[in-house]
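Per-entry structural report
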Amino acid sequence: MNYFAQQTINALQLGSIYALIALGYSLVYGVLTMINFAHGDLFMLGAFVALILESVVRVPFWIALIVTMAVIGLLGALIERFAYRPIRKAPRVSAIITALGCGLIIENVTLGFSPYPRHMPTLLVNTSYYIGGVTISSLQLTIISISILLMVMLDLIIRRTRFGIAMRALSFDRAMVPLLGIPANRIISLTFALGAALGGSAGLLYALAYPVISSSMGILIGWKAFVAAVIGGIGNMRGAVLGGYILGATEIISVTLLPSTYRDLIAYSLLLLILIIKPYGILGTPPVQKV
Amino acid sequence: MKKNLLLPLLVLSLLFSACSSNKKVLKIGINAELTGEVPAVGASCVNAAKLFVERINQQGGLDVGGVKMPISLIVGDNGAKPDQAAAVAQRLISQQNILAMIGPNISSCAIPAAEIAESLNCLMFSPWSTNPNTTLHSKTGTFKKNVFRGCFTDAVEIPALAQFATRQLHLKKAAVLYDTSSEYPTSAAHYFQNAFTSEGGKIVNSETYTTGDRDFSAQLTKIKATNPDVLFLPAYYNDAPLIAEQARRLGITAIFLGGNSWSTPEMLKLDSGHYLNGSFLSNHFSTQSNAPQVKSFIAEYQAKFGQLPDDIAALTYDTMGILSEAIVKAGKPDRTAIHDSMAKAEHFSGITGNFIYKNGSHDPMKSIVILSVKDGAFGYVTTVEP
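Keep in mind that what you see is a predicted model, and the values were worked out from it rather than measured.

What chain B contains, in helices and strands, is 12 helices and 16 strands. By the compact-globule yardstick of 21 Å for 386 residues, chain B fits well, its C-alpha radius of gyration being 22 Å. Projecting the C-alpha coordinates of chain B onto the three principal axes gives extents of approximately 75 × 50 × 45 Å. Counting the 386 residues in chain B, one finds 56% classified as buried.

Right, here's the structure in full:
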C-alpha cells in the first residue's frame, strides 16, 4: 500500500511538470493551429534563467519564479513577432520548420554558453516527511501545488477575462475576430507569452526537482509534453492538464507493475490506444465542417 | 568576382600544401566528445594530448628514422554521438591524412569509429572505451586489426569492483539501475550482475532508464521496496548525482557503487549536496599516487588547465606515449609501419601503471584502482590486480 502511495506522489510530481509544458503547446495551437516546436527549448531556457538568477543574485523563490516567467514569456512573444508572424500566411510546413529552427537556435546558443551540465542550487528548504512509510518532500509538495495554482490561474484568465474571451473567440474564428475590432496580433502575442511563461515556470520547477540541467534537456521533455497535449486533445487547456497527468501516471505505473525496460513501450502503446479510440484526444472535439 | 577569387585561393592552397610537406609533421587525429552529453570527457582528452605534444615538441619532436619530427594534433568534435564519431573518423583519416587516431573515449562512439578506422586501415587508439566490442570484430570475435585500447575492459573492471563489494565491504544484496540506451552502462550492469552472483551475492533488483531521463522516482521506489545494501549505478557523471540525490530523498540507505564513468571531477561539482558521500568506484588512475612521473604530470596539468587531471586525461597521456613509442620504433611516418610496430608492442610503463599487451591482445592487462567519494573529493582505497 505504502509502495503504491509513494508511486502516486511520484506520478503527481512528474505529471504536474508535463501538464505545465503541455499547456504551452495547447495554448498556441488553440489560437493559431500551429505547433510551437521551440517550446521544449523555452522550457530548458527557463531552467537556465533560474540558474543565473540563483547563482548571480540569489533571489528568493517567488521572485525567481516571477522573473523566470517574465523573461521566458517575453522571449516567447519575441519569437512569435519576429519568426512566426512574417510567415503566418505561408504553408503549414514552413511554420513547423521555423519553429524547429528557433528551438535549435535556442539550444545551440545555450550549448555555446554552457557545454557542461550545471548544478542547480537548492532554493527551498527541503524537508522530508515520513507519513506511514511514504516519503513526501516539501519540494514535491511545492512543485505540485505551484503547478496546480498556475493551472487554475490560467483557467481563470481564459474563462473570466476579456483577454481570455478574445483568445477563445480567436481560436473559434480567426478571420472574423479582427473584423470586430479586436487586436488579433496583440492577442496572439499575449497567448505566446502566456504559453512560454508557463514553460519557463516548468523549467524552474524541473530544475529544482532534478537539479542537473543541460542545454539538451528540453528535447525529450518537450516531446513528451507534446504527446501529453495531443492525448488530452490539443487546443483544449483542461485536456493538456489531463494529458500531462495521464502521461506521468502511465510512465510511473508501467515501471511499477512491469520491468522498467518496457516503460516507454507500455506507456506509448497505451497512449496510442487512447488515440485510436479518441482520435482528437480525450477532451478534443473534431472540427466542424462549415457549409 | 568568382574568377578574381579563384586565383589567389589557388596560390594560397599551393603555398599551404608546400609548407606542410616541407615541414614534415606527424599528424595525429583526436576524435573527442567536446560537446553533447559528456563534454568534460572530450576536454580532458584534448588537454592531456596537448600537454603531451607540447612536451615532445619542446624537444624538437619525435626521432623518426633519424629525423626530428614535431607532432601536430588535429581535433575533431564527435558531439558524443555515434554517427558524428564515425563521420569525424572518416574525415580525419581520409581527408586530413592523419597517421593515427586517438579516441573516441566513450564506447558508444568508439565502436562505430572503430569500424571506420578498420575499413580505412588506419590505427585507432581509444584511451577510455572499456566496452569489449571496441577492439573486437562483432562477427568473428577476433581483434580488429587496426584498433587498440589504452585501458582495461568492462570484463576486467566490473568483476573486480563486485569482488571488492562482496569480499571487503561484505555486501550481499545488490540492486542495479542503468541506462539501457547507452553501451557502457548496459555492459557494466551485465558484468556486475554475473560477478556479484558468482561471488555469492544476490541481485534483488535490476531496473533501467533511457538517456535523457531525469526522473528515476518510479525505479527507485521499486528498489527501495527490496531493501538492497548496495546499489550499482554505472551511469555517466551527469546522471549519477541526480540518481543519488533522488535515492537518498526516498530514504534508500544502500551504498552506491560506480564504474570509471564516474571518475571526472565534474561529477563532484554536480554533487554539491554530497549525496554520493560514502560511495565507491573502480577507476584507472588515482591522483594520490607518489610516483615521480605521476606527480610531475599532475603538477603540469594543473598549472596549465587549472584542475586536477582525471583518468581520461591520464590515459590519453599514456596512450599518446605508447603511440609515440610505436612511431619511433616504426622509423618512418607511414600508417602501415606504425601499425606493425604497435602490434609488436608488449610492455609500456606509464602514469596509470603498467600496460601489458599479451599474446597479440589489443586490450592491455592493467591494475584496477578503487576510489571512494567523500565530501566532494575522490580518495584512494585499494588496488585490485586482475
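This part takes up the sheet that holds strand 11 (residues 255–258) of chain B. Hydrogen bonds between backbone atoms are what pair the strands of a sheet, whose relative direction is either parallel or antiparallel. All names here are of chain B. A sheet is described by the order of its strands in space; here 7 strands give the open sequence 9-8-10-11-12-15-16, paired in mixed fashion. The open sheet has two edge strands, strand 9 (202–209) and strand 16 (377–384), and neither has a second partner. For this sheet, the mean inter-axis angle between neighbouring strands, taken without regard to orientation, is 25 degrees. Bridge analysis of strand 8 (residues 173–179) against strand 9 gives 7 bridges, and the strand direction is parallel. Looking at the pairing, K173 lines up with K202 of strand 9. Running at roughly 60 degrees to strand 15 (residues 368–374), helix 5 (residues 154–168) makes contact with strand 10 (230–232), strand 11, strand 12 (279–283), strand 15 and strand 16 of the sheet.

This brings us to the environment of T140 of chain B. Position of T140 of chain B among the secondary structure elements: in the loop between strand 6 (123–126) and strand 7 (147–149). What makes T140 of chain B exposed here is its relative accessible area of 56%.

With that out of the way, let us pick up empty space enclosed by the protein. Considering all chains together, one arrives at 5 cavities of 30 Å³ or more under this definition. Within this model, the largest cavity holds a volume of roughly 200 Å³. Residue lining of the largest cavity: 16 residues in total, with Q13, S137 and Q140 of chain A together with Q246 and R249 of chain B positioned closest to the centre. Elements supplying a minimum of two residues to the lining of the largest cavity: helix 1 (2–32), strand 3 (134–137) and helix 5 (138–160) of chain A together with helix 8 (240–249) of chain B. Considering only residue class, the lining of the largest cavity consists of 5 nonpolar, 9 polar and 2 charged.

All names here are of chain B. With parallel pairing, 5 strands are arranged side by side in an open sheet as 4-1-5-6-7. Looking at which strands have only one partner, the edges of the open sheet turn out to be strand 4 (71–77) and strand 7. Shown here is a sheet whose adjacent strand axes are inclined to one another by a mean of 25 degrees, direction ignored. Here strand 6 runs beside strand 7; their pairing, made up of 3 bridges, is parallel. Across the sheet, residue S126 finds its bridge partner in strand 7, namely R149. Along the sheet face, helix 2 (residues 39–58) touches strand 1 (26–32) and strand 4 and points at about 170 degrees away from the line of strand 4.

Bringing the pattern of salt bridges into the picture now. Applying the stated criterion to the full structure yields 18 salt bridges over all chains. One salt bridge connects D264 of chain A with R263 of chain A, and the closest N-O pair in it is separated by 2.9 Å. Exposure remark for D264 of chain A: the relative accessible area of 26% places this residue in the partly exposed category. Taken together, the shared-partner salt bridges in this structure form one network comprising K224, E251, R263 and D264 of chain A together with D213 of chain B.

Listed per partner, the contact involves 33 residues of chain B and 36 residues of chain A. Of the roughly 2,700 Å² buried where chain B meets chain A, counting both sides, 53% is carbon and sulfur surface. Here chain B and chain A share 2 salt bridges between them. A salt bridge links K224 of chain A to D213 of chain B; the shortest N-O distance between them is 3.9 Å. Run the count over chain B and chain A and you get 17 residue pairs in polar contact (both at pLDDT 80 or more). Looking at the side of chain B that touches chain A, the elements with two or more residues in it are helix 2, strand 9, helix 7 (217–226), helix 8 and helix 9 (265–270) of chain B.

A cis geometry characterises the amide bond from G103 of chain B onward to P104 of chain B, with omega recorded as -10 degrees. The residue P104 of chain B is located in the loop between strand 5 (100–102) and helix 4 (107–120) in this model. Even without being a glycine, T33 of chain A presents a positive backbone phi close to 45 degrees. With respect to the secondary-structure elements, T33 of chain A resides in the loop between helix 1 and helix 2 (39–57). Positive phi is not limited to glycine here, since N121 of chain B has a value of about 60 degrees. Checked against the element boundaries, N121 of chain B lands in the loop between helix 4 and strand 6.

This next bit is on the nonpolar core. In this structure, Y84 of chain A together with L177, F192, L220, L231, F297 and L323 of chain B are the most contacted members of the largest nonpolar core, which totals 198 residues. A total of 15 residues in this core trace back to one element, the largest contributor, which is helix 7 (residues 184–209) of chain A. Filtering out sequence-adjacent residues up to four positions away, L177 of chain B remains in contact with E207, T208, Y209, F216, Q219, L220, I223, L231, F232, L233, P234 and I243 of chain B. Counting 16 residues, the second largest nonpolar core, distinct from the first, contains A89, I93, A110 and C122 of chain B.

All names here are of chain A. Empty space within the largest pocket amounts to approximately 1,200 Å³. The wall of the largest pocket is formed by 33 residues, among which G30, S171, I234, G235 and T285 lie closest to the centre. When residues of the lining of the largest pocket are traced back to their parent elements, those giving at least two are helix 1, helix 5, helix 6 (162–172) and helix 9 (237–257). Among the elements that make up the lining of the largest pocket, the one with the highest residue count is helix 6 (5 residues). Tallied by class, residues from the lining of the largest pocket come to 17 nonpolar, 9 polar and 7 charged. By volume, the second largest pocket is sized at about 760 Å³. Those elements that place two or more of their residues in the lining of the second largest pocket are helix 4 (92–113) and helix 8 (217–232). Residues of the lining of the second largest pocket, tallied by class, amount to 15 nonpolar, 14 polar and 6 charged.

Here is what the cut-offs are and how they apply
Residues numbered from 1 in each chain as written. Chains lettered and ligands numbered in written order. Predicted model: local features only at pLDDT ≥ 70, side-chain atom pairs only at ≥ 80, totals over all residues. Heavy atoms only, no water. Helix = DSSP H or I, 4+ residues; strand = E, 2+ residues; numbered from the N terminus. Rg over C-alpha atoms; globule rule 2.2 N^0.38 Å. Buried < 20%, exposed > 50% of the residue type's maximum accessible area, 1.4 Å probe, protein only. Pairing = 2+ DSSP bridges. Axes fitted to C-alpha atoms, helices over the stretch in contact; angles between N-to-C directions. Contact = heavy atoms within 4.5 Å. 1 Å grid on protein atoms, 1.4 Å probe; cavity = no way out; pocket = protein on both sides within 12 Å on 5 of 7 lines; lining within 4 Å. Points joined across faces, edges and corners; volume = space filled by probe spheres on them. Nonpolar A, V, L, I, M, F, W, Y, C, P; charged D, E, K, R; others polar. Salt bridge = Lys/Arg side-chain N within 4 Å of Asp/Glu carboxyl O. Buried area = accessible area lost by both parts, 1.4 Å probe. Polar contact = N/O pair within 3.5 Å; in protein donor to acceptor, adjacent residues only side chain to side chain. Core = buried A, V, L, I, M, F, W, Y, C linked by side-chain atoms within 4.5 Å.

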